[in-house]
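Descriptive analysis of the structure
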Amino acid sequence: MTDRRPLDVLFRYGPVALMVVVGLVLPLTTSDYWLGRILLWIPLAIAALGLNLLTGFNGQISVGHFAFYGVGAYTCGLLVAKWDWPMGLAVLAAVVVCFVVGVVVGLPALRIKGLYLALVTLAVAVLFPDLVKHFESVTGGSSGLYITTPEMNSRGVVVERSIQILAPEGIDLSTEQWTFYLYLAVAIVAFIVVRNIVHSRVGRSMIAIRDNEVAAEVNGVNVAAVKVFTFGLSSALAGLGGAMFALWEAQLFPQSFTLGFSLVLLVAVVVGGPASVLGPALGAIFVGVFEDMIKPELPDELSAVTPLILGLSLVGLMLVAPGGIAGMARQLAARVQRSRPPAGPAKPSGDPISTQPSTT
Amino acid sequence: MALLEVGDIEVRFGGVVALAGLDMAVQSHQICALIGPNGAGKTTLFNVVSRLYEPTRGRVHFDGADLLAVRPHGIASRGIARTFQNLALVQGLSVLDNVKVGAHCRTRGGFWSASLVVPSLRSERAVSARAMEVLERLSLAHLAHRPCAGLPYGTLKRIEIARALMSQPRLLMLDEPASGLTHGEVDELGGLIRRLRDDLDLTVLLVEHHMGMVMKISDQVVVMEFGQKIAEGTPDAVRNDPQVIAAYLGASA
Ligand SMILES: Nc1ncnc2c1ncn2[C@@H]1O[C@H](COP(=O)(O)OP(=O)(O)OP(=O)(O)O)[C@@H](O)[C@H]1O
Ligand SMILES: [Mg+2]
């Protein structure tokens, strides 16, 4: 299988290359207004990446994953706003905090499974906005947390200003453009890390646990440890997304992290293609296009029923393509490859990308 | 010397007594067959040794050490590997990756090395190379990159053997490896099991209904009924044991 034909390489790396190229060109051709909205799809994709690791690759269902996004956002926001932490450090802290919170929430997962685990995560999702409201003195409650830093204005008076991610001196990019590139870079690193994990010893354990827990255990996999660790990692990724969201929005409200958003995240994973590394990115784009571009255009009567539309299209998609967009692309690739006449003398078939549906 | 020794093992499922004070020992480097009618408790014994079932009473010793003090995921690294009567493969992984799962207890590498690729790449390659060797040994190399789904039952059982070998076991427990095979394939499998025992210095505990193979390759046969041992000895001795003929062989042979 080592001699890959050009088309195989194209199918394998084409989608990634295309997305990266679009990501690089987009900021140069899009208005700052739109860029400011589209760049928030990136944190969403990272959160979906985390959820996919948990649900798609490890088989643990979380219907409340946006709560971790919220924990990441508030952790980062509070550190910057109240304690003047530098942004990068605050993001790292948010990731660590979310890892720990994820491990704690993941602990019950050792005893309970499937639907019951879903219920626990549901409870977390429902509880989170209420917690934010309850600790109003710290979080600002319903009136919001404004992430500001003290700054001296032109008249020498210190005022609180919303934080901004500014391009370094000498780089001629708008805040939107610079942030977009920065976020894109973070996302690329996150996706590469997850890709590597999925194809490693740890990743095989995760998938083995998803498909056959007994087989995993008998082969020496510490099922409990891997499950809890995956929960933590998944939550850490959601927290990373949340922290990026917080830094861009510079204001946080509990109603931005309700159960509905958790479900949207789940939709992103399912639509993009569960257990596919690139799937969450595709899913986040799908959700982003729907929420930011299609929904605002809908007439009022229709926008009230958008959850219904989203739900129905989800059901429809699952009927047509249970593997999501990524699964559909893979089937297409497999079909094209099969219809091609074999190149050169008889060679064994079986390109990993077309024959390992749930690991690539 | 007995490599595996179980004493007075009892396992209950509600009212059902699956093992009722079973005593048996498997000698080093032997192929020991465990036979008995359906429901005799053979698979249950495997699950006790794998630590998947907790016995209500009794002892399990492996190479002198108390196995009941070992957690289920620690069994593989002690040197015990097994296959399953009803297959326990990972559907979402390719044949090669399934086999690589078997190396879990003999490899290192957690999250950090995995996410940074570079250091893990070499050990990944080593594991892949070893998995390919094992697949070749079992004539499965051409299937390495296929998904498991859709392969014939007998092939899947062989993939499980390959996976079990990856942990470099001392004791290999095979639960009905010949089911779903044609006559010719059963003969081949018998030869393979002997070769594996000789080449890899294994001890084999074999549960099998296929009497032809059992009698041909085993050094020792243990006969079970209703969760207890009713006879043991060489294949010839067991074949002629009146109690065995009445309980088991009489019905099928
Ligand atoms: N998990 C379980 N829950 C309840 N009963 C069980 C369980 N596992 C085994 N048993 C019961 O224990 C008894 C022994 O079963 P076991 O599977 O060990 O038999 P076996 O000798 O492997 O039979 P076979 O040749 O059919 O595989 C049977 O009565 C079976 O129904
Ligand atoms: Mg059985």
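These lines cover the structure that appears in this document, whether it is placed above or below. Treat the numbers as computed from the prediction; the structure is a model and nothing was measured. (Residues numbered from 1 in each chain as written. Chains lettered and ligands numbered in written order. Predicted model: local features only at pLDDT ≥ 70, side-chain atom pairs only at ≥ 80, totals over all residues. Heavy atoms only, no water.)

Bringing the overall build of chain B into the picture now. Secondary structure assignment for chain B yields 10 helices and 10 strands. Judged by the C-alpha coordinates and their principal axes, chain B covers about 65 × 40 × 35 Å. Relative to its full complement of 253 residues, chain B shows a buried share of 53%. Here the contacts in chain B between residues at least 6 apart in sequence split such that 68% fall between residues at least 24 apart. Carbon together with sulfur atoms contributes 52% to the accessible area of chain B, which is approximately 10700 Å² in total. (Helix = DSSP H or I, 4+ residues; strand = E, 2+ residues; numbered from the N terminus. Buried < 20%, exposed > 50% of the residue type's maximum accessible area, 1.4 Å probe, protein only. Contact = heavy atoms within 4.5 Å. Areas by Shrake-Rupley, 256 points an atom, 1.4 Å probe, with all protein chains shown as cover.)

So, on to the sheet that holds strand E4 (residues 57-62) of chain B. All names here are of chain B. The four strands lie next to each other as E2-E1-E4-E5, forming an open sheet whose pairing is antiparallel. Two strands in the sheet have a free side with no partner beyond their single neighbour: strand E2 (16-27) and strand E5 (65-66). By the bridge criterion, five bridges tie strand E1 (residues 2-13) to E4 in an arrangement that is antiparallel. Its bridge partner lying in E4, Gly-7 is registered against Arg-59. (Pairing = 2+ DSSP bridges.)

Attention now moves to the interface of chain B and chain A. On the side of chain A, 30 residues touch chain B, which itself brings 34 residues to the contact. Buried area between chain B and chain A, both sides added, is near 2900 Å², and the carbon and sulfur share of it is 61%. With a shortest N-O distance of 3.1 Å, Glu-124 of chain B and Arg-204 of chain A are connected by a salt bridge. There are seven residue pairs in polar contact (both at pLDDT 80 or more) connecting chain B and chain A. Elements that contribute at least two residues to the side of chain B that touches chain A include exactly helix H3 (95-101) and helix H4 (111-115) of chain B. (Buried area = accessible area lost by both parts, 1.4 Å probe. Salt bridge = Lys/Arg side-chain N within 4 Å of Asp/Glu carboxyl O. Polar contact = N/O pair within 3.5 Å; in protein donor to acceptor, adjacent residues only side chain to side chain.)

Three or four residues apart is the spacing at which side chains of an α-helix point the same way, because the helix has 3.6 residues per turn. Helix length check: helix H5 (residues 87-106) of chain A (20 residues) gives 28 Å between terminal C-alpha atoms against 28 Å at 1.5 Å per residue, within 8%. Listed in full, the buried residues belonging to H5 of chain A are Ala-90, Val-91, Ala-93, Ala-94, Cys-98, Gly-102, Val-105 and Gly-106 of chain A. (Expected span 1.5 Å × (residues − 1).)

Residues and elements named next belong to chain B. Around ligand 1, the structure places 14 residues, and the nearest of them are Asn-38, Lys-42, Thr-43, Thr-44 and Gln-85. With respect to ligand 1, the side chain of Gln-85 contributes an N or O atom lying 2.8 Å from an oxygen atom. Summarising the interface, the protein chains cover 66% of the accessible area of ligand 1, which totals 630 Å² for the free molecule. Residue contributions to the shell around ligand 1 peak at three residues, all from helix H1 (residues 42-49). Per-class residue counts for the shell around ligand 1 are five nonpolar, seven polar and two charged. (Near = heavy atom within 4 Å. Nonpolar A, V, L, I, M, F, W, Y, C, P; charged D, E, K, R; others polar.)

Turning next to the coordination of the magnesium ion (ligand 2). Residue and element names in this part refer to chain B. Protein-derived ligands of the magnesium ion (ligand 2) are Thr-43 (OG1) and Gln-85 (OE1), with the metal-ligand distances lying across 1.9 to 2.0 Å. With Thr-43 in helix H1 and Gln-85 in the loop between strand E6 (80-82) and H3, the pair connects residues that are 42 residues apart, well separated along the chain. Look at Gln-85 and you get partly exposed, because its relative accessible area is 25%. (Donors = N, O, S within 2.8 Å, 3.2 Å for Na, K, Ca; no water.)

Residues and elements named next belong to chain B. Pairing analysis gives five bridges linking strand E9 (residues 220-225) to strand E10 (residues 228-233), with the strands arranged antiparallel. Note on E10: the bridge partner recorded for Val-221 is Gly-233. Here E9 folds back onto E10 in antiparallel fashion, the turn holding two residues, of which Phe-226 has a positive phi close to 50°.

The full count for this structure, using the stated rule, is 15 aromatic pairs over all chains. Note on Tyr-69 of chain A and Phe-245 of chain A: the rings are 5.6 Å apart at their centroids and 45° apart in plane angle, and the pair reads as tilted. Highlighted residues: Tyr-69 of chain A in helix H4 (residues 66-83) and Phe-245 of chain A in helix H11 (residues 223-249), separated in sequence by 176 residues. Relative accessible area serves as the criterion here: at 2%, Tyr-69 of chain A is assigned to the buried category. The buried category is assigned to Phe-245 of chain A, whose relative accessible area is 13%. Aromatic side chains Phe-180 of chain A and Tyr-181 of chain A sit 6.5 Å apart centroid to centroid with 85° between the ring planes, which places their arrangement in the edge-to-face category. The pair Phe-180 of chain A / Tyr-181 of chain A is uniform in exposure class, with both members buried. An aromatic cluster of at least three residues, connected via ring pairs, comprises Phe-66, Tyr-69, Tyr-74, Phe-128, Phe-245, Phe-257 and Phe-261 of chain A. When the ring centre of Phe-84 of chain B is taken as origin, the NZ or CZ atom of Arg-82 of chain B, which lies over that ring, is 4.1 Å away. (Phe/Tyr/Trp six-rings, centres within 6.5 Å; stacked < 30°, edge-to-face > 60°. Lys NZ or Arg CZ within 6 Å of the ring centre and 35° of its normal.)

Looking now at the pairing of strand E2 (residues 148-152) of chain A. Across a regular strand the side chains alternate sides, sitting on one face of the sheet and then on the other. Residues and elements named next belong to chain A. Pairing between E2 and strand E3 (residues 158-162): five bridges, direction antiparallel. In the strand pairing of E3, Thr-148 is matched with Ser-162. The loop that links E2 with its antiparallel partner E3 comprises five residues; one of these, Gly-156, has a positive phi angle of about 80°.

A separate point is the side chain of Glu-160 of chain B. Residue and element names in this part refer to chain B. Relative to the helices and strands, Glu-160 resides in helix H6 (residues 153-165). Among the residues examined, Glu-160 registers a relative accessible area of 0% and is labelled buried. When near neighbours in sequence (up to four residues on either side) are disregarded, Glu-160 contacts Thr-83, Phe-84, Leu-87, Ala-88 and Leu-89.

A full pass over the atoms with the stated rule returns 18 salt bridges over all chains. Across the pair Arg-210 of chain A and Asp-211 of chain A runs a salt bridge whose closest N-O atoms are separated by 2.8 Å. Residue Glu-124 of chain B pairs with Lys-100 of chain B through a salt bridge whose shortest N-O separation is 3.1 Å. Residue Glu-124 of chain B is located in helix H5 (residues 118-137), and its partner Lys-100 of chain B is located in helix H3; the two are separated by 24 residues in the primary sequence. A cluster of three or more residues bridged by salt bridges with shared partners is formed by Arg-204 of chain A together with Asp-97, Lys-100 and Glu-124 of chain B.

A few words now on the nonpolar core. Ranked by size, the top nonpolar core spans 92 residues in total, and within it Ile-42, Leu-53, Tyr-183, Leu-247, Leu-252 and Phe-257 of chain A carry the most contacts. With residues near it in sequence (within four places) discarded, Leu-252 of chain A still touches Ala-73, Tyr-74, Gly-144, Leu-145, Ile-147, Phe-245, Ala-246 and Phe-257 of chain A. Residues Val-127, Ala-131, Leu-156 and Ala-178 of chain B belong to the second largest nonpolar core, which totals 37 residues. (Core = buried A, V, L, I, M, F, W, Y, C linked by side-chain atoms within 4.5 Å.)

Take a nonpolar patch on the surface next. Residues Leu-115, Tyr-116, Leu-119, Leu-122 and Val-126 of chain A make up a contiguous nonpolar surface patch of about 530 Å² in total accessible area. You can see Val-126 of chain A is positioned in helix H6 (residues 114-134). (Patch = residues over 30% accessible without salt bridge, like charges linked within 9 Å, V, L, I, M, F, W, Y side chains within 5 Å.)

This next bit is on the packing of H4 of chain A against H11 of chain A. Residues and elements named next belong to chain A. H11 packs onto H4 with a crossing angle of 50° between their chain directions and a minimal axis gap of 6 Å. Classified by the angle their axes make, H4 and H11 are oblique. Both H4 and H11 take part in a crossing whose hand is right-handed. Only Phe-231, Ser-235, Ala-238, Gly-239, Gly-241, Gly-242, Ala-243, Phe-245, Ala-246 and Leu-247 of H11 make contact with H4, whose side of the interface consists of Phe-68, Tyr-69, Gly-72, Ala-73, Cys-76 and Val-80. Here the residues of the contact of H4 with H11 are counted per class, giving 11 nonpolar, five polar and no charged. (Axes fitted to C-alpha atoms, helices over the stretch in contact; angles between N-to-C directions. Parallel < 35°, antiparallel > 145°, perpendicular 65-115°, else oblique. Left-handed = near helix turned anticlockwise from the far one by under 90°.)

All names here are of chain A. You can see Val-202 is positioned in helix H9 (residues 201-211). You can call Val-202 buried: its relative accessible area is 11%. C-alpha separation for the pair Val-202 and Glu-160, spaced 42 residues apart in sequence, amounts to 46 Å.

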